[in-house]
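Structure at a glance
Residues per chain are reported as follows:
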Amino acid sequence: ELHRDRVKERQRTEAASEELAQVRRRAHIMEEHYRQQEEDASKLAQENRLLLERLQQMSMTSDEHKLELEKAQDQNVELQTQVQMLQARADLAAALRSLRVEDLQGLSKTNSELSSALMAITHALPKIGV
């Protein structure tokens, strides 16, 4: 019976040793998981910092592009105004080219004659009592 007790005790000791070994393996696995999580968190924090820096740079670049776009739009409006003015000048020049010098001379002569006739009438009206 003493032998049987020793065998049982040895079996319990072996079972306890096996259980202890399993607990240690689980603890090691848990420690490895925690270490990996800490490492992952550190990498993510570093990546997050880099992404924030890129975001700030992109934001500054975006602001610069917005200013450039506003300037370009202002220049576009100014250039469109100049184009309209030049087009009006070109239209006027084309209209003037279409007039014949002889027609202008005739019109000028007719206007001068009309003016002289109106002056004569204006001077004659007081004499006739009107």
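Structure: above.
Remember, it's a predicted structure, so these values are computed and weren't measured experimentally.

1. Details of the overall build of the chain
For the chain, the count of helices and strands is 2 helices and 0 strands. Relative to the 2.2 N^0.38 estimate, which gives 14 Å for 130 residues, the radius of gyration of the chain is 52 Å and therefore markedly larger than a compact globule would have. Structurally, the chain occupies a C-alpha span of about 170 × 35 × 20 Å along its principal axes. Across the 130 residues that make up the chain, the buried fraction comes to 0%. Of the roughly 12400 Å² that the chain leaves accessible, carbon and sulfur atoms contribute 57%. Charged side chains of the chain number 19 positive and 23 negative; the gap between the two group centres comes to 3 Å.

2. Observations concerning helix α2 (residues 101-128)
Side chains of residues three or four places apart in an α-helix project in the same direction, reflecting 3.6 residues per turn. Between its first and last C-alpha atoms α2 spans 41 Å; for 28 residues at 1.5 Å apiece the expected length is 40 Å, and the two agree. Just past α2, the residue Gly129 takes up positive phi, approximately 90°.

3. Some points on the environment of Leu52
Topologically, Leu52 is positioned in helix α1 (residues 2-98). The exposure class assigned to Leu52 is partly exposed, which follows from its relative accessible area of 45%. Through-space distance from the C-alpha of Leu52 to that of Asp5 is 69 Å; in sequence the pair is 47 residues apart.

4. Description of the pattern of salt bridges
Inspection of every chain in the model, using the stated rule, returns 6 salt bridges. Here Glu1 and Arg4 are joined by a salt bridge, their closest N and O atoms 3.5 Å apart. Taking the relative accessible area as the measure of exposure, Arg4 reaches 49% and is therefore partly exposed. The salt bridge involving Glu18 is made with Arg25; its shortest N-O contact spans 3.4 Å. Residue classification places Arg25 among the partly exposed positions, given a relative accessible area of 45%. Look at the salt bridges and you will find they share partners, linking Glu32, Arg35, Glu39 and Lys43 into a network.

5. Regarding the environment of Ser108
By the secondary structure assignment, Ser108 is in helix α2. Owing to a relative accessible area of 47%, Ser108 belongs among the partly exposed residues under this scheme.

6. A look at a nonpolar patch on the surface
Together, Leu92, Leu96, Leu99, Leu104 and Leu107 make up an exposed nonpolar region whose accessible area comes to about 490 Å². Those elements giving two or more residues to the nonpolar patch turn out to be α1 and α2. Mapped onto the elements of the fold, Leu107 is located in helix α2.

Cut-offs applied
- Per chain, residue numbering runs from 1 following the sequence as it is written.
- The model is predicted, so local features are restricted to residues of pLDDT at least 70 and side-chain atom pairs to those at 80 or more, both for listing and for counting; the totals for chains, interfaces and linings are taken over all residues.
- Calculation of side-chain values draws on the structure's entire complement of heavy atoms; hydrogens and water are dropped beforehand.
- Every helix listed is a DSSP run of H or I at least four residues long, and every strand listed is a run of E at least two residues long, numbered separately from the N terminus.
- Computation of the radius of gyration draws on C-alpha atoms alone. For the globule rule, the value is 2.2 Å times the number of residues to the power 0.38.
- Partly exposed residues are those whose accessible area sits between 20% and 50% of the maximum for their type, while under 20% is buried and over 50% is exposed, using a 1.4 Å probe and protein chains only.
- In this description, accessible areas are obtained by the Shrake-Rupley approach with a 1.4 Å probe, and a residue is regarded as covered only by the protein chains that are shown.
- We treat Lys and Arg as the positive residues and Asp and Glu as the negative residues; His and chain ends play no part in the count.
- Every charge is mapped to an atom, namely NZ of Lys, CZ of Arg, CG of Asp or CD of Glu.
- Working rule for helices: expected span equals 1.5 Å times residues minus one.
- The term salt bridge refers to a side-chain nitrogen of Lys or Arg lying within 4 Å of a carboxyl oxygen of Asp or Glu.
- Each patch is built from residues that are more than 30% exposed by relative accessible area and take part in no salt bridge. Like charges join if they lie within 9 Å; nonpolar side chains (Val, Leu, Ile, Met, Phe, Trp, Tyr) join within 5 Å.

Spatial relationships are all this shows, so hold off on functional conclusions.
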